[in-house]
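Fold and contact review
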Amino acid sequence: ASARIAVTGLAVMGSNLARNLARHGYRVAVHNRSHARTKALISEHGHEGDFVPAETLEELVGSLQTPRQIIIMVKAGGPTDAVIDELVPLLEPGDMVIDGGNAHYADTRRREAALKEVGLLFVGAGISGGEEGALNGPSIMPGGPKESYEHLGPVLEDIAAKVDGVPCCVHVGPDGAGHFVKMVHNGIEYADMQLIAEAYDLLHRVGGMTPADVAEVFRGWNSGDLESYLVEITAEVLGHVDAETGAALVDVIADEAEQKGTGRWTVQEALELGVPVTGIAEAVFARSLSGRAGQRQAVREAFGPAEVAGGADESLVEDVRQALYASKVVAYAQGFDQMRAASAEYGWDLDLGAMATIWRGGCIIRARFLDRIREAYDKAPELPSLLVDDYFRDAVRSAEAAWRRVVVKAVTAGVPAPGFVSALAYYDGLRSERLPASLIQGLRDFFGAHTYRRTDREGSFHTLWSGDRSQVDA
Ligand code: 6PG
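Owing to the predicted nature of the structure, the values given are computational and were not obtained by experimental measurement.

Reading guide: rules and limits
- Residues numbered from 1 in each chain as written.
- Predicted model: local features only at pLDDT ≥ 70, side-chain atom pairs only at ≥ 80, totals over all residues.
- Heavy atoms only, no water.
- Helix = DSSP H or I, 4+ residues; strand = E, 2+ residues; numbered from the N terminus.
- Rg over C-alpha atoms; globule rule 2.2 N^0.38 Å.
- Contact = heavy atoms within 4.5 Å.
- Areas by Shrake-Rupley, 256 points an atom, 1.4 Å probe, with all protein chains shown as cover.
- Near = heavy atom within 4 Å.
- Nonpolar A, V, L, I, M, F, W, Y, C, P; charged D, E, K, R; others polar.
- Patch = residues over 30% accessible without salt bridge, like charges linked within 9 Å, V, L, I, M, F, W, Y side chains within 5 Å.
- Salt bridge = Lys/Arg side-chain N within 4 Å of Asp/Glu carboxyl O.
- Phe/Tyr/Trp six-rings, centres within 6.5 Å; stacked < 30°, edge-to-face > 60°.
- Lys NZ or Arg CZ within 6 Å of the ring centre and 35° of its normal.
- Axes fitted to C-alpha atoms, helices over the stretch in contact; angles between N-to-C directions.
- Parallel < 35°, antiparallel > 145°, perpendicular 65-115°, else oblique.
- Left-handed = near helix turned anticlockwise from the far one by under 90°.
- Buried < 20%, exposed > 50% of the residue type's maximum accessible area, 1.4 Å probe, protein only.
- Core = buried A, V, L, I, M, F, W, Y, C linked by side-chain atoms within 4.5 Å.
- Pairing = 2+ DSSP bridges.
- Lys, Arg positive; Asp, Glu negative; His and termini not counted.
- Charge placed at Lys NZ, Arg CZ, Asp CG, Glu CD.
- Expected span 1.5 Å × (residues − 1).

Quick look at the overall build of the protein chain
Each helix and strand counted, the protein chain has 20 helices and 11 strands in total. Here the protein chain has a C-alpha radius of gyration of 25 Å; the compact-globule value for 474 residues is 23 Å, and the two agree. Structurally, the protein chain occupies a C-alpha span of about 80 × 65 × 45 Å along its principal axes. Of the contacts formed within the protein chain by residues at least 6 apart in sequence, a portion of 67% connects residues at least 24 apart. As displayed, the protein chain has an accessible area near 21,800 Å², and 52% of this comes from carbon and sulfur atoms.

Here it is, written out as structure tokens:
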């Protein structure tokens, strides 16, 4: 019999996804540019299921049932295009090409449009969960034409993570919607990690706690509202001791955070859409700042290191927990806002509650409170902001005093907490009765006759600043 589905690109993510498919009883054709890797997969894991190794893409295509389903798991960008170009002439109308990499959604839109021309269905599918997830159940965010999901959906749902029996996979929307949603997932992942890092830094530097102490704190937090994969593994990383030096590993790891680009894309796209994803942006910039070694050294030498005014009181741990929770709500509110804006812009009709549902398991940002986000959007699909949902409003309100204390403490102590600070500013910005944007409009009108609107009547106005300063209709 021929294979049900194929995977090309057998680096860790690709191999693990192929193994996951095979373990679920699918006959899976596998291919890699260098055949050695295919052979290695078969020799190490061939016993796990029914694999059909292929030496060439022709062979891979030839081994598949129709309509064919080929998952590409290669590097985003040029390498993905190269595989698509090679595949297309080998396929027939109705066949499906699925890109499971971290592609930019604009590339996905372009590819889908191009493949549609030749009768092929192109599906950009975000896959989250790292190596472990790919093998044991990732969160899958497939976009592309709805009809592709008829054949593909059941297979993907089968291999996806499940929460309460519900698969963490849904047809996200047409064209680039899947990769867009995965991109925002990663943006939230950046923000979440930055907030966690700031919480650690405050407890460590202001609170004087050791990494091992903070590990215990995170372990405790993981059984409350903050329960999530990232909080869980924070305890693991902080608790780990370097075998060579006997020091906490976190004190041995170079403090320059790297990035492959999905967080940056999230911010770039948010700028285009005009959506303030300040927490995600701060997280991206905090990574960039950490990497500016020369600049850090120069400024440190010029000013001396920040003198941390410590002084922990008993309430610090609980305050930081609440600040972390409230800031995290803001980060998610911003990410969901961005998805809502993109959905309107591109006509994707995204179901935000469904996005929260498929992020409950399998992915890196899986967390208990995604259930609450799902409920919020199920109740009110048009929610203007996650912050106004009853549950989150109450949660943020009750955390507010602690959140402010933590921000004050960080600022006073000289410990950078851009995530906490900007999340609080976002919240205060949205709830201010009046913003000084009015002054900005006035200044724009002064130097560039850019006009302003008034609060008391319709129309656009300009003040004759260099004349008699009377107001004219613009
Ligand atoms: C996931 C992760 C995954 C990944 C990114 C992040 O959802 O499984 O988001 O896509 O770890 O590559 O990478 P950077 O931090 O290097 O940008």
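There is more to say after this.
Thoughts on the site of the ligand
Taken together, 14 residues sit near the ligand, with Ser128, Lys182, Glu189, Tyr190 and Lys260 positioned nearest. In isolation the ligand exposes 420 Å². Once the protein is present, 80% of that is buried. Across the shell around the ligand, the residue classes tally to 2 nonpolar, 8 polar and 4 charged.

So, a nonpolar patch on the surface
On the surface, Leu439, Leu443, Phe446 and Phe447 cluster together into a nonpolar patch covering about 460 Å² of accessible area. Residue placement: Leu439 occurs in helix α20 (residues 437–448).

Re the packing of aromatic side chains
Applying the stated criterion across every chain, the model contains 15 aromatic pairs. Within the aromatic cluster, the residues linked to one another by ring pairs are Tyr325, Tyr332, Phe369, Tyr391 and Phe392. Over the ring of Tyr229 we find Arg366, and its NZ or CZ is 4.0 Å from the ring centre. Geometry around Tyr391 places Arg372 over its ring, the cationic atom sitting 4.3 Å from the centre.

A word on the packing of helix α15 (residues 316–346) against helix α18 (residues 390–413)
Geometry of a packed helix pair, given as the angle between the helix axes and the separation of the axes. For the pair α15 and α18, interaxial distance at closest approach is 7 Å and the crossing angle is 125 degrees. With respect to α18, the element α15 is oriented oblique. At the point where α15 passes α18, the crossing takes the left-handed sense. Facing Leu316, Asp319, Val320, Gln322, Ala323, Tyr325, Ala326, Ser327, Val329 and Val330 of α15, the residues of α18 in contact are Tyr391, Phe392, Ala395, Val396, Ser398, Ala399, Ala402, Trp403, Arg405, Val406 and Lys409.

A short note on the packing of helix α8 (residues 177–206) against helix α9 (residues 211–221)
Where α8 contacts α9, the two axes come as close as 10 Å, and the packing angle between them is 130 degrees. Taken together, the axis directions place α8 and α9 in an arrangement best described as oblique. Helix-helix and strand crossings are classified by hand; for α8 and α9 the assignment is right-handed. For the pair α8 and α9, the contacting residues are Ile196, Ala199, Tyr200, Leu203 and His204 in the first and Pro211, Val214, Val217, Phe218 and Trp221 in the second. Counted by class, the contact of α8 with α9 contains 9 nonpolar, 1 polar and no charged residues.

Things to note about the pattern of salt bridges
A complete count under the given rule lists 31 salt bridges for this structure. Where Lys328 meets Asp192, a salt bridge forms, and the shortest distance between an N and an O atom there is 3.4 Å. In this pair, Lys328 is assigned in helix α15 and Asp192 in helix α8, connecting sequence segments 136 residues apart. With respect to class, Lys328 is no different from Asp192; both count as buried. Its salt-bridge partner being Arg404, residue Asp428 comes within 2.8 Å of it at the nearest N-O pair. On the criterion of sequence distance, the pair formed by Asp428 in helix α19 (residues 418–431) and Arg404 in helix α18 is long-range, its members being 24 residues apart. Classification of Asp428 by relative accessible area gives partly exposed; the value is 21%. Of the residues examined, Arg404 reaches a relative accessible area of 27% and is grouped as partly exposed.

Considerations on the nonpolar core
In this structure, Phe218, Trp221, Phe336, Trp359, Ile373, Trp403 and Phe420 are the most contacted members of the largest nonpolar core, which totals 91 residues. When residues of this core are assigned to their parent elements, the largest contribution, 15 residues, is made by α8. The contact partners of Phe218, leaving out residues within four places of it in the chain, are Ile196, Ala199, Val231, Thr234, Ala235, Leu238 and Leu324. Membership of the second largest hydrophobic core comes to 29 residues, among which are Leu10, Leu41, Leu121 and Val123.

Points about the sheet that holds strand β2 (residues 28–31)
Sheet architecture is open: 7 strands sit in the order β3-β2-β1-β4-β5-β6-β7, paired in mixed fashion. Only two strands of the sheet have a single partner each, and these edge strands are β3 (51–54) and β7 (139–142). Across the sheet, the mean angle from the axis of one strand to that of its neighbour is 25 degrees, orientation sign disregarded. Two strands pair when backbone bridges link them, and strand β1 (residues 5–8) and β2 are joined in this way by 4 bridges, in the parallel orientation.

Brief notes about a negative patch on the surface
Negative charge collects at one region of the surface, where Glu55, Glu58, Glu59, Asp85 and Glu86 lie side by side. Breaking the negative patch down by element, the ones donating at least two residues are α3 (57–62) and α4 (78–87). Looking at the element boundaries, Glu58 is found in helix α3.

Things to note about helix α13 (residues 278–291)
Taking 1.5 Å per residue, 14 residues should reach 20 Å; α13 reaches 20 Å between its end C-alpha atoms and fits that length. Turning to α13, its buried residues number three or more, namely Gly279, Ile280, Ala281, Ala283, Val284, Ala286, Arg287 and Ser290. Here the buried face of α13 lies against α8, α12 (262–273), α14 (293–303), α15 and α19.

Thoughts on the pairing of β7
Residues Ser139 and Met141 line one face of β7 and the alternating positions Ile140 and Pro142 line the opposite face, and both faces are buried. Inspection of the sheet shows strand β6 (residues 121–128) paired to β7 by 4 bridges, in the antiparallel sense. Looking across to β7, one finds that Ser128 is bridged to Ser139.

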